[in-house]
Amino acid sequence: MFAKPVRGRTTADVEGDAVVLLIGMRINHFWAVHQWLPVQLSMLRMLRELKRDPDRGLLGHVLLTASPRTYYVVQYWESREKLYAYATSPDMFHHRVWAIINRKERAGKVRGHVGLWHETYVAPEGAYESIYFDMPAFGLAGAHGQMPLAARGRYARDRFAHRSGQAVK
């Protein structure tokens, strides 16, 4: 959180596909704290659970606020398979939370006080690039590591052209 910036220009040290999950909530009724606060706390509990077990595949995350109503997490995963394995594992907290939500929905007890959403992206190698200027490792670089920009190319087209195991010309 209080990391010192790395001087100069850097890029993310990603090899292969980049898997990114955006997941969040929207508070539809502020007064229904009893409905949205448990959802918010559940998001944080899942992140702690994943941090305790790095083999699950979460490489890093960034907590963000889109508005006073909307909060979300950008998550960087090792693979889509590990993301899916976590999401569907009966022994993980995520599975328990969705079971509760599904039961409430079937019983007609969901009142629209809080909205939930997620988007998942798998960017194949060659379909992403990054640049950071005087920044600590952040985002994709925070998840995969940071390297000097020159190692992948000064221009975006060079970084897009990078392939694992190949030197940039």
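The written sequence of each chain sets the order in which its residues are numbered from 1. Reporting of local features is limited, given that this is a predicted model, to residues whose pLDDT is at least 70; pairs of side-chain atoms are given and counted only at 80 or more, and all residues count toward the totals for whole chains, interfaces and linings. Water and hydrogen atoms were dropped before computing side-chain values, which therefore reflect all heavy atoms in the structure.

A. The overall build of the protein chain, seen in detail. Secondary structure assignment for the protein chain yields five helices and seven strands. Along the protein chain, from the amino end to the carboxyl end, the secondary structure elements read β-β-α-β-β-α-α-β-β-α-β-α. For the C-alpha atoms alone, the extent of the protein chain along its principal axes is close to 60 × 30 × 25 Å. Only protein chains enter the area calculation, which uses a 1.4 Å probe; residues under 20% of their type maximum are buried, those over 50% are exposed, and those in between are partly exposed. The buried share of the protein chain, taken over its 169 residues, is 32%. Contact definition: two residues touch when any of their heavy atoms are within 4.5 Å. Of the contacts formed within the protein chain by residues at least 6 apart in sequence, a portion of 72% connects residues at least 24 apart. The accessible surface values rely on the Shrake-Rupley method and a 1.4 Å probe; as for residues, cover is taken only from the protein chains in view. Accessible area of the protein chain: about 10,800 Å², with a carbon and sulfur share of 58%. If you average the places of the 24 positive and of the 15 negative side-chain charges in the protein chain, the two averages end up 9 Å apart. Under the scheme used here, helices are H or I runs from DSSP no shorter than 4 residues and strands are E runs no shorter than 2 residues, and both carry numbers assigned from the N terminus. Here the positive residues are Lys and Arg and the negative ones are Asp and Glu; neither His nor the chain ends is included. Charge coordinates come from a single atom per side chain, which is NZ of Lys, CZ of Arg, CG of Asp or CD of Glu.

B. Focus on the packing of helix α1 (residues 33-52) against helix α3 (residues 93-106). Where α1 meets α3, the closest approach of the two axes is 9 Å, and the angle between their N-to-C directions is 155°. Looking at the two axes, α1 sits roughly antiparallel to α3. Residue-level contacts link S42, R45, M46 and E49 of α1 to F93, H94, R96 and V97 of α3. Ten residues, namely Ala, Val, Leu, Ile, Met, Phe, Trp, Tyr, Cys and Pro, are considered nonpolar, four, namely Asp, Glu, Lys and Arg, are considered charged, and the remaining ones, Gly among them, are considered polar. Along the lines of polarity and charge, the residues of the contact of α1 with α3 split into three nonpolar, two polar and three charged. A fitted line through C-alpha atoms represents every axis, and for helices the fit uses only the stretch in contact; the resulting angles, taken between N-to-C directions, go from 0 to 180 degrees. For this classification, under 35 degrees means roughly parallel, over 145 means roughly antiparallel, 65 to 115 means roughly perpendicular, and everything else is oblique.

C. Representation of the pattern of salt bridges. Whenever Lys or Arg places a side-chain nitrogen within 4 Å of a carboxyl oxygen from Asp or Glu, that contact is recorded as a salt bridge. Following the criterion strictly, the structure yields seven salt bridges and no others. For E78, the salt bridge identified is with K82, shortest N-O distance 3.2 Å. Given a relative accessible area of 27%, K82 falls into the partly exposed group. One salt bridge connects R159 with E129, and the closest N-O pair in it is separated by 2.6 Å. Of this pair, R159 sits in helix α5 (residues 156-161) while E129 sits in the loop between β5 (114-123) and β6 (132-135), and the two are 30 residues apart along the sequence. Its relative accessible area of 8% is what places R159 among the buried residues. Exposure remark for E129: the relative accessible area of 28% places this residue in the partly exposed category. One network of salt bridges, with partners in common, ties together D13, E15 and R152.

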